[in-house]
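If you want the building blocks of each chain, they are given just below.
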Amino acid sequence: MGKYAKLRSKILQGSADSNIEFAALCTLLIRLGFVQRVKGDHHIFTHDSMEEIINLQPKGNKAKPYQVKQVRGLLVKYRLGAQHVD
């Protein structure tokens, strides 16, 4: 299991939402096919097959827990990364 598959698994478990690195979360979303735009400290992610937009901001070098929860919701809803992330 590679680094991003482990990160996806950690997010899906939901036990460490406040301990997810922001940069790693952004990279995971890009690997899952999201397109990133940056405006100031807002990192906005869109995906061609989704209506939802994800707006992430760092809290230090970590992602905000409620935003990790939003990402988890999309991973489950659209079954993202079930085949291959790394």
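Given the structure is predicted, the values throughout are model-derived calculations rather than measurements.

(A) Layout of the sheet that holds strand S3 (residues 54–56). The strand order across the open sheet formed by 3 strands is S1-S2-S3, and the pairing between neighbours is antiparallel. For this open sheet the edge positions go to strand S1 (35–39) and S3, each flanked by a neighbour on one side alone. Each strand of the sheet is rotated relative to its neighbour by a mean of 25°, with strand direction disregarded. Judged from the 5 bridges that link them, S1 and strand S2 (residues 42–46) form a sheet pairing that is antiparallel. Within the sheet, the bridge partner assigned to Val-35 lies in S2 and is Thr-46. Packing against the sheet, helix H2 (residues 22–31) makes contact with S1, S2 and S3, and its axis sits at approximately 20° to S2.

(B) Inspection of the pairing of S2 at higher detail. Taken together, the 3 bridges between S2 and S3 define a ladder with antiparallel strand orientation. By the bridge assignment for S3, Phe-45 is matched with Ile-54.

(C) Focus on the nonpolar core. Ranked by internal contacts, the top residues of the largest apolar core, which has 23 residues, are Ile-11, Leu-25, Phe-34, Ile-54 and Leu-56. When residues of this core are traced back to their parent elements, those giving at least two are helix H1 (3–13), H2, S3 and helix H3 (65–78). Considering every element that reaches this core, the biggest residue donor is H2, with 6 residues. With near-sequence residues (within four places) excluded, Leu-56 lies in contact with Phe-22, Leu-25, Leu-29, Asp-41, His-42, His-43, Phe-45, Gln-67 and Val-71.

(D) Just the packing of H1 against H2, in detail. Interaxial distance between H1 and H2 falls to 10 Å at its minimum, and their mutual angle equals 105°. Classed by the angle they form, the pair H1 and H2 counts as roughly perpendicular. Residue-level inspection shows Tyr-4, Leu-7, Arg-8 and Ile-11 of H1 in contact with H2, the latter providing Ala-24, Leu-25, Thr-27, Leu-28 and Arg-31. In terms of residue class, the contact of H1 with H2 is made up of 6 nonpolar, 1 polar and 2 charged.

(E) Inspection of the side chain of Arg-72 at higher detail. Looking at the secondary structure, you find Arg-72 in helix H3. A distance of 2.8 Å separates a polar side-chain atom of Arg-72 from the backbone oxygen of Ile-11. Residue contacts for Arg-72: discarding those within four places in its chain leaves Ile-11, Leu-12, Gly-14 and Asp-17.

(F) Summary view of the environment of Gly-40. With respect to the helices and strands, Gly-40 occurs in the loop between S1 and S2. For Gly-40 and Gln-57, which are 17 residues apart along the polypeptide, the C-alpha to C-alpha distance reads 9.3 Å.

Scoring rules and cut-offs
- Residues numbered from 1 in each chain as written.
- Predicted model: local features only at pLDDT ≥ 70, side-chain atom pairs only at ≥ 80, totals over all residues.
- Heavy atoms only, no water.
- Pairing = 2+ DSSP bridges.
- Helix = DSSP H or I, 4+ residues; strand = E, 2+ residues; numbered from the N terminus.
- Axes fitted to C-alpha atoms, helices over the stretch in contact; angles between N-to-C directions.
- Contact = heavy atoms within 4.5 Å.
- Core = buried A, V, L, I, M, F, W, Y, C linked by side-chain atoms within 4.5 Å.
- Buried < 20%, exposed > 50% of the residue type's maximum accessible area, 1.4 Å probe, protein only.
- Parallel < 35°, antiparallel > 145°, perpendicular 65-115°, else oblique.
- Nonpolar A, V, L, I, M, F, W, Y, C, P; charged D, E, K, R; others polar.
- Polar contact = N/O pair within 3.5 Å; in protein donor to acceptor, adjacent residues only side chain to side chain.

Honestly, that's just the spatial picture; any functional story needs more than this.
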